2 protein chains.
Amino acid sequence: MSLQHLLDLPGVDAAPEAATRGYVFNHTMIRVKDLARSLDFYTRVLGFVPVHKQDFPEAAFSIVYLVLRADRAGIPDDDAERLRWVLGQPGVLELTHNHGTEDQPDFRYHDGNAEPRGFGHLCVSVPDVKAACERFERLGVPFQKRLADGRMKHIAFIKDPDGYWIEILQPAPFAG
Amino acid sequence: MSLQHLLDLPGVDAAPEAATRGYVFNHTMIRVKDLARSLDFYTRVLGFVPVHKQDFPEAAFSIVYLVLRADRAGIPDDDAERLRWVLGQPGVLELTHNHGTEDQPDFRYHDGNAEPRGFGHLCVSVPDVKAACERFERLGVPFQKRLADGRMKHIAFIKDPDGYWIEILQPAPFAG
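Cut-offs used in this document
Per-chain numbering applies: the sequence of each chain, read as written, is numbered from 1 onward. Following the order in which they are written, the chains are lettered starting with A and the ligands numbered starting with 1. Owing to the predicted nature of the model, reporting of local features is limited to residues with pLDDT of at least 70; listing and counting of side-chain atom pairs is limited to 80 or more, with chain, interface and lining totals taken over all residues. Note that the side-chain values use all heavy atoms of the structure and ignore hydrogens as well as water. UniProt positions are given in the numbering used here, feature names are shortened, and annotations may be inferred rather than shown by experiment. A helix here means a DSSP run of H or I that spans at least four residues, while a strand means a run of E at least two residues long, and both kinds are numbered starting from the N terminus. Any pair of residues with heavy atoms lying within 4.5 Å of one another is described as a contacting pair. Method for areas: the Shrake-Rupley scheme with a 1.4 Å probe, in which residue coverage is limited to the protein chains shown. Within this scheme the basic residues Lys and Arg register as positive and the acidic residues Asp and Glu register as negative, but His and the chain ends are omitted. One atom stands in for each charge, and that atom is NZ of Lys, CZ of Arg, CG of Asp or CD of Glu. Each copy is superposed on the other by least squares, with the fit set by C-alpha atoms of residues at a pLDDT of at least 70 in both. Relative accessibility thresholds used throughout: buried, under 20% of the residue-type maximum; exposed, over 50%; partly exposed, between the two (1.4 Å probe, protein chains only). When we speak of the arc, we mean the arc of directions from the helix axis to the C-beta atoms. Side-chain atoms alone can form a polar contact between residues adjacent in sequence; in general such a contact is a pair of N or O atoms within 3.5 Å, and within protein one must be able to donate a hydrogen while the other accepts it. For two strands to be treated as a pair, DSSP must find at least two bridges joining them. Think of a salt bridge as a Lys or Arg side-chain nitrogen and an Asp or Glu carboxyl oxygen that are within 4 Å of each other. Cavity means a closed set of points on a 1 Å grid over the protein atoms alone, one where a 1.4 Å probe fits but cannot get out, pocket means an open set with protein on both sides within 12 Å along at least 5 of 7 lines, and lining means a residue has an atom within 4 Å of a point. Grid points are joined across faces, edges and corners, and a volume is the space filled by probe spheres set on the points. Any residue outside Ala, Val, Leu, Ile, Met, Phe, Trp, Tyr, Cys, Pro, Asp, Glu, Lys and Arg is labelled polar, Gly included; the first ten of those are nonpolar and the last four are charged. Nonpolar cores were defined as sets of buried Ala, Val, Leu, Ile, Met, Phe, Trp, Tyr and Cys residues, with membership established by side-chain atoms within 4.5 Å.

For chain A, the name recorded in an unreviewed UniProt entry is lactoylglutathione lyase, with Fulvimonas soli as its organism. Per UniProt, chain A has the following entry under Pathway (unreviewed entry): "Secondary metabolite metabolism; methylglyoxal degradation; (R)-lactate from methylglyoxal: step 1/2." UniProt's Sequence similarities (unreviewed entry) comment on chain A is quoted here verbatim: "Belongs to the glyoxalase I family."

This is the structure in structure tokens:
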């Protein structure tokens, strides 16, 4: 569908107010049961870098912002500057950890894909989806959908430690 | 907290495999009841641009990818090129519309912030959070939390047509 057709879709405002021009889709927040397990997954398996952590002891929770950047050299070293920087970036992941959930054996968060549904998934795009999936298999990452499953052979879904779905795809044409 | 302390947090892999270097946190997917209402909200209120739509008639759903960019000149005009481009960008929003939900009066999606909890919110950062919130008030956008509510006076939460929370903040220091 051409860009012009997209801008003509019902509901679309093709020329929003100039005020929106400085807006940035900064982050997506998900709650995680065990912060160390999630940090392991998002850094070791997917390559994210934690760039800010804030603890709220009175409300018994912590947040961590993570970014996924090929070039870490662009991440400011100064703490205040790094916080300003990350809040102006697109594609940031915020993990919220309510303290103590990691010690409750039956505690689990809702992934949004069973009833009641809502949020669906995060997506990480990769240069080579087959190589990435082979790597995830080697690392023992659980799959929701392997490339060979279902009709869409060019995408896979892995699961993070809380069971949130993460779509894996490649931008370039897929060799099959 | 310094970057070095962040990299020393329990669970963090400070030097993930080189294979992750090309990975991009591409998109977040949420299901929406009424696509036209959501496209109106995300384009008119927040300034997003729809850059790809795909219909799956056999499974009765459609998806739309949207980006929030100050400079639209960077969006490729060619359809195939634009799809490759958007799948390599960070900070993309994917709306999934299951056909017909808009005609079911009692149908609603789950925002993740009541039980069962999981996904929390999206966040749009803005150059001036007070000006942005005044604009949202003028546009009649519902608030989950105004700047004056609660203890965190520098952030607000608005709600999209499905009730998903969208945090509004500014990267620069907040004048109060």
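We are not done yet, so read on.
Draft legend 1. Layout of the overall build of chain A. Summing up its helical and strand segments, chain A has four helices and eight strands in all. Going residue by residue from the N terminus, the α and β elements of chain A occur as α-β-α-β-β-α-β-β-α-β-β-β. In terms of principal-axis extent, the alpha carbons of chain A reach across some 50 × 45 × 40 Å. Considering only contacts in chain A between residues 6 or more positions apart, those separated by 24 or more positions represent 58%. For chain A, the exposed surface amounts to about 7,600 Å²; the carbon and sulfur share of it is 52%. In chain A, the 20 positive side-chain charges and the 25 negative ones have mean positions that sit 7 Å from each other.

Draft legend 2. Fine view of the relation of the copies chain B and chain A. Of the transformation placing chain B onto chain A, the axial shift is 0.0 Å and the rotation is 180°, giving an RMSD of 0.0 Å. In symmetry terms, the pair is related by a two-fold rotation axis. Relative to the rotation axis, the closest C-alpha in chain B is found at Gly91(B), a distance of 2.0 Å. Same-surface contact between copies: 100% of interface residues of chain B are shared with the interface of chain A.

Draft legend 3. Quick peek at helix α4 (residues 129-138) of chain A. Residues and elements named next belong to chain A. Residues of α4 that are buried: Val129, Ala132, Cys133, Arg135 and Phe136. Looking straight down α4, one finds its buried side chains confined to an arc of 155°; they lie on one side. For α4, the N-terminal cap is Asp128; the gap from its side-chain oxygen to the backbone nitrogen of Lys130 is 3.1 Å. Just beyond α4, the residue with positive phi is Gly140, at close to 75°.

Draft legend 4. Broad picture of the UniProt feature "active site" (unreviewed entry) in chain A. Per the UniProt annotation, the sites labelled "active site" (unreviewed entry) are Glu167(A). Here Glu167(A) is to be found in strand β8 (residues 165-169). Residue Glu167(A) is classed as buried on the basis of its relative accessible area of 5%. For Glu167(A), the contacting residues outside a window of four places in its chain are His121(A), Leu122(A), Cys123(A), Val124(A), Ile155(A), Ala156(A), Phe157(A), His27(B) and Glu94(B).

Draft legend 5. The arrangement of the pairing of strand β5 (residues 119-125) of chain B in detail. With seven of seven residues buried, β5(B) lies mostly within the body of the structure. When strand β1 (residues 24-31) of chain A meets β5(B), the two strands line up antiparallel, connected through six bridges. If you follow Ile30(A) over to β5(B), its bridge partner there is Phe119(B).

Draft legend 6. A look at the pattern of salt bridges. All names here are of chain A. Counted according to the given criterion, the structure contains 12 salt bridges over all chains. Asp40 is paired through a salt bridge with Arg44; the nearest N and O atoms lie 2.8 Å apart. Placement of both Asp40 and Arg44 in helix α2 (residues 35-45) is noted, with a separation of four residues, approximately one turn of the helix. Close ionic contact of Asp55 with Lys53 constitutes a salt bridge, the shortest N to O distance being 2.7 Å. A relative accessible area of 16% means that Lys53 is categorised as buried.

Draft legend 7. Inspection of empty space enclosed by the protein at higher detail. Per the counting criterion, the structure on display carries two cavities of 30 Å³ or more. When its volume is computed, the largest cavity comes out at roughly 60 Å³. Lining the largest cavity are 13 residues, with Gly112(A), Phe119(A), His110(B), Gly112(B) and Phe119(B) positioned closest to its centre. Residue composition of the lining of the largest cavity, by class: four nonpolar, six polar and three charged. Of the voids in this model, the second largest cavity is the one considered here, and its volume is about 50 Å³.

Draft legend 8. Quick peek at the nonpolar core. Core analysis: the largest hydrophobic core is formed by 107 residues, its most contacted members being Tyr42(A), Leu46(A), Tyr42(B) and Leu46(B). If we ignore the near neighbours within four places in the chain, the residues touching Leu46(A) are Phe41(A), Leu68(A), Val124(A), Phe136(A), Ile158(A), Ile166(A), Thr20(B) and Tyr23(B).

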